[in-house]
Amino acid sequence: MEIIQTLFSKFVNYETISYLVAGVATTILSIAVFAVCHRKCKMGTILSNIISWIAAVSFAFVVNKIFVFRSPSWELALVFKEAAGFVSARLLTLGFDVVFVYITVDKLHWNDLIAKTASNVVVMIVNYIASKLFIFAS
């Protein structure tokens, strides 16, 4: 029982809960921006997806810096370093996401929502680790 309590307290805490909340908010923003660009503004799918990704990553950076990892300094050099690392990690996971979904859906014929969900789980975990260990490390 003590092992379960230790694991629970290690993985269920302010940081992980706030990261999940921030992730949900970021996902909602991304979908909303995509829908506005694609459906209302009649932009192409790729351009709409790029714009929604930029909006989501920008929002996620600020939310993660302030609320999740509580990185207090707004010194320009530090913010630039954090932002560069944040965007770089997101670009890498975006690459993984695109390749994973393409292979699983177009080549292996998985259900698209199952493939996208599986990819998002991996992306969220990798982004959290990158943010925790490298980007907002204190």
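Residues numbered from 1 in each chain as written. Predicted model: local features only at pLDDT ≥ 70, side-chain atom pairs only at ≥ 80, totals over all residues. Heavy atoms only, no water.

A. The overall build of the chain, seen in detail. The helix and strand tally for the chain stands at five helices and zero strands. When the elements of the chain are put in sequence order from the N terminus, they spell out α-α-α-α-α. If one aligns the C-alpha atoms of the chain with their principal axes, the spans along those axes are about 50 × 45 × 25 Å. A total of 138 residues make up the chain; the buried ones form 29% of that total. The long-range fraction of contacts in the chain, counting pairs at least 24 apart against all pairs at least 6 apart in sequence, stands at 59%. (Helix = DSSP H or I, 4+ residues; strand = E, 2+ residues; numbered from the N terminus. Buried < 20%, exposed > 50% of the residue type's maximum accessible area, 1.4 Å probe, protein only. Contact = heavy atoms within 4.5 Å.)

B. Representation of a nonpolar patch on the surface. Together, Ile3, Leu7, Phe8, Phe11, Val12, Ile17, Leu20 and Val21 line one region of the surface with nonpolar side chains, adding up to about 810 Å² of accessible area. Within the residue set of the nonpolar patch, elements represented by two or more residues are helix 1 (2-11) and helix 2 (14-40). Here the nonpolar patch takes four residues from helix 1, the largest share from any one element. Mapped onto the elements, Val12 comes out in the loop between helix 1 and helix 2. Val12 gets classed as partly exposed once you look at its relative accessible area, which sits at 38%. (Patch = residues over 30% accessible without salt bridge, like charges linked within 9 Å, V, L, I, M, F, W, Y side chains within 5 Å. Areas by Shrake-Rupley, 256 points an atom, 1.4 Å probe, with all protein chains shown as cover. Salt bridge = Lys/Arg side-chain N within 4 Å of Asp/Glu carboxyl O.)

C. Region of the structure containing the pattern of salt bridges. What the rule picks out here adds up to three salt bridges. A salt bridge links Lys65 to Glu82, with the nearest nitrogen and oxygen atoms 2.7 Å apart. Of the two residues, Lys65 sits in helix 3 (residues 45-68) while Glu82 sits in helix 4 (residues 76-107), which places them 17 residues apart along the sequence. Here the two residues Lys65 and Glu82 agree in accessibility, since each one is buried.

D. Region of interest: the environment of Ile17. In this fold, Ile17 is placed in helix 2. The class of Ile17 is partly exposed, set by a relative accessible area of 42%.

E. Highlighting the state of the cysteines. Counted under the stated rule, the structure contains zero disulfides. Counting only cysteine sulfurs, Cys37 is the nearest neighbor of Cys41, a cysteine outside any disulfide, at a range of 5.7 Å. The exposure class of Cys41 is partly exposed, given its relative accessible area of 46%. (Disulfide = S-S within 2.5 Å.)

F. Highlighting the packing of aromatic side chains. Under the defined criterion, the tally for this structure stands at nine aromatic pairs. Ring plane angle 85 degrees and centroid distance 6.0 Å describe the contact between Phe100 and Trp110, whose orientation is recorded as edge-to-face. Taken together, the residues span a long stretch of sequence, with Phe100 in helix 4 and Trp110 in the loop between helix 4 and helix 5 (112-135) at a distance of 10 residues. Residue classification places Phe100 among the partly exposed residues on the basis of a relative accessible area of 22%. (Phe/Tyr/Trp six-rings, centres within 6.5 Å; stacked < 30°, edge-to-face > 60°.)

G. Layout of the packing of helix 2 against helix 5. In the contact formed by helix 2 and helix 5, the axes pass within 12 Å of each other and the chain directions differ by 125 degrees. By the angle class used here, helix 2 and helix 5 are oblique. Our pair here, helix 2 against helix 5, has a crossing hand that is right-handed. Each of Glu15, Thr16, Tyr19, Leu20 and Gly23 in helix 2 lies in contact with helix 5, whose residues at this interface are Met124, Asn127, Tyr128 and Lys132. Tallied by class, residues from the contact of helix 2 with helix 5 come to four nonpolar, three polar and two charged. (Axes fitted to C-alpha atoms, helices over the stretch in contact; angles between N-to-C directions. Parallel < 35°, antiparallel > 145°, perpendicular 65-115°, else oblique. Left-handed = near helix turned anticlockwise from the far one by under 90°. Nonpolar A, V, L, I, M, F, W, Y, C, P; charged D, E, K, R; others polar.)

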